[in-house]
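Okay, here's what each chain looks like letter by letter:
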Amino acid sequence: APSAPSSVITVEPIRILDTRTNVGLDSPPTAGTSKKFQVTGTVPTQPAGGEPAVLAEVVPASATAAILNVTVVRPSTQGFLSIRPGDATGTPATSNINWATASATIANSVTVELPASGEIDVFVSATVGAVLIDVAGYTLPATGGVRLDQKDQRERWELKDQRDQRELRDQTDRQDRQGHTAAT
């Protein structure tokens, strides 16, 4: 089903999950499992420079989706990671990051819908050393503005075309009057 119109809000990236330093979760999910993780509201964040975690609201409770940069650090075997809405269950049918060899560190941008709980589901198919998540933005329900359907857009173009034709006629009339005046 199509989603409702939304507005994208970008933020300076801020880390809300670092399983190396116990920010957000104390460890990554074990192979073949997932962990629920709170994204909206007041959550622990990892300041730059190794400072202690700070509580902050990065994504408001009214957000409909989160725009994330997700990193897998030191996976031990081939596998994948999937980020899903927090109300997801079972094994995911899609992945956001795939890796073919151990010891690779790989990142990807992920946009995930947020349920009312504000949680996401972090699933890994293989053992990983750490999972990092930085928030780069979020979406809010669109407010204000007008959504134009094709008929509205066509009518606007027709009005513009009529104005352009009128301006062209006026310009031609002025040139004709100037030419006629100069000849007399």
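Structure's up top.
Everything numeric here is computed off the predicted structure, so don't read it as measured data. (Residues numbered from 1 in each chain as written. Predicted model: local features only at pLDDT ≥ 70, side-chain atom pairs only at ≥ 80, totals over all residues. Heavy atoms only, no water.)

Visitor: Just checking my understanding: could you explain the overall build of the protein chain for this structure?
Guide: Of regular secondary structure, the protein chain possesses 1 helix and 10 strands. Mapped in sequence order, the helices and strands of the protein chain form the string β-β-β-β-β-β-β-β-β-β-α. In the protein chain, buried positions account for 32% of the 184 residues. For the protein chain, the share of sequence-separated contacts (at least 6 apart) that also reach a separation of at least 24 residues comes to 72%. (Helix = DSSP H or I, 4+ residues; strand = E, 2+ residues; numbered from the N terminus. Buried < 20%, exposed > 50% of the residue type's maximum accessible area, 1.4 Å probe, protein only. Contact = heavy atoms within 4.5 Å.)

Visitor: Looking at this model, I keep getting lost on the pattern of salt bridges. Mind explaining?
Guide: Think of it this way: side chains of opposite charge can pair up when their charged atoms draw near. Going through the model one piece at a time under the given rule, you end up with 6 salt bridges. In this structure, Asp-18 engages Arg-15 in a salt bridge whose closest nitrogen and oxygen atoms are separated by 3.8 Å. Residue class for Arg-15 comes out partly exposed when judged on its relative accessible area of 22%. Across the pair Asp-26 and Lys-35 runs a salt bridge whose closest N-O atoms are separated by 3.6 Å. (Salt bridge = Lys/Arg side-chain N within 4 Å of Asp/Glu carboxyl O.)

Visitor: Would you mind showing me how to read the sheet that holds strand S5 (residues 65–73) here?
Guide: Backbone-to-backbone hydrogen bonds join strands into a sheet, with any given pair of strands oriented parallel or antiparallel. One open sheet holds the 4 strands; their spatial order is S1-S10-S5-S8, and the pairing between them is antiparallel. Across the chains shown, the open sheet's two edge strands, defined by having one partner strand only, are strand S1 (6–18) and strand S8 (106–113). Sheet twist, expressed as the average angle between the axes of neighbouring strands with direction ignored, equals 20 degrees. As judged from the 8 bridges shared by S5 and S8, these two strands associate in the antiparallel manner. Across the sheet, residue Thr-71 finds its bridge partner in S8, namely Ala-107. (Pairing = 2+ DSSP bridges. Axes fitted to C-alpha atoms, helices over the stretch in contact; angles between N-to-C directions.)

Visitor: Where do I start with the sheet that holds strand S9 (residues 119–124) in this structure?
Guide: Pairing is antiparallel across the open sheet formed by 4 strands, whose spatial order is S2-S9-S6-S7. Unpaired on one side and paired on the other, strand S2 (33–38) and strand S7 (97–99) mark the two borders of the sheet. Pairs of neighbouring strands in the sheet enclose a mean axial angle of 15 degrees, with direction left out of account.

Visitor: What exactly am I supposed to notice about the nonpolar core here?
Guide: Proteins that are soluble and globular tend to have nonpolar side chains buried together. In this structure, Leu-68, Val-70, Leu-81, Ile-83, Ile-120, Val-131 and Ile-133 are the most contacted members of the largest nonpolar core, which totals 29 residues. Those elements that provide at least two residues to this core are S1, S5, strand S6 (79–85), S7, S8, S9 and strand S10 (130–141). Setting aside residues no more than four positions away along its own chain, Leu-68 makes contact with Ile-83, Asn-108, Ser-109, Val-110, Val-112, Ile-120, Ile-133, Asp-134, Val-135 and Ala-136. (Core = buried A, V, L, I, M, F, W, Y, C linked by side-chain atoms within 4.5 Å.)

Visitor: Can you walk me through the environment of Leu-140 in this structure?
Guide: Looking at the element boundaries, Leu-140 is found in strand S10. Sequence separation between Leu-140 and Ala-65 is 75 residues; the distance between their C-alpha atoms is 7.5 Å. Beyond its immediate chain neighbours, meaning those up to four positions away, Leu-140 contacts Pro-5, Ser-6, Ser-7, Ile-9, Pro-60, Ser-62, Ala-63 and Thr-64.

Visitor: What is the right way to look at the side chain of Thr-40 in this model?
Guide: With respect to the element layout, Thr-40 can be found in the loop between S2 and strand S3 (42–45). Take Thr-40: its relative accessible area is 7%, and that puts it in the buried class. A polar contact is formed between the side chain of Thr-40 and the side chain of Gln-38, at a distance of 3.0 Å. In this structure, Thr-40 is in contact with Val-59, Pro-60, Ala-61, Leu-114, Ser-117 and Gly-118, ignoring residues within four places of it in sequence. (Polar contact = N/O pair within 3.5 Å; in protein donor to acceptor, adjacent residues only side chain to side chain.)

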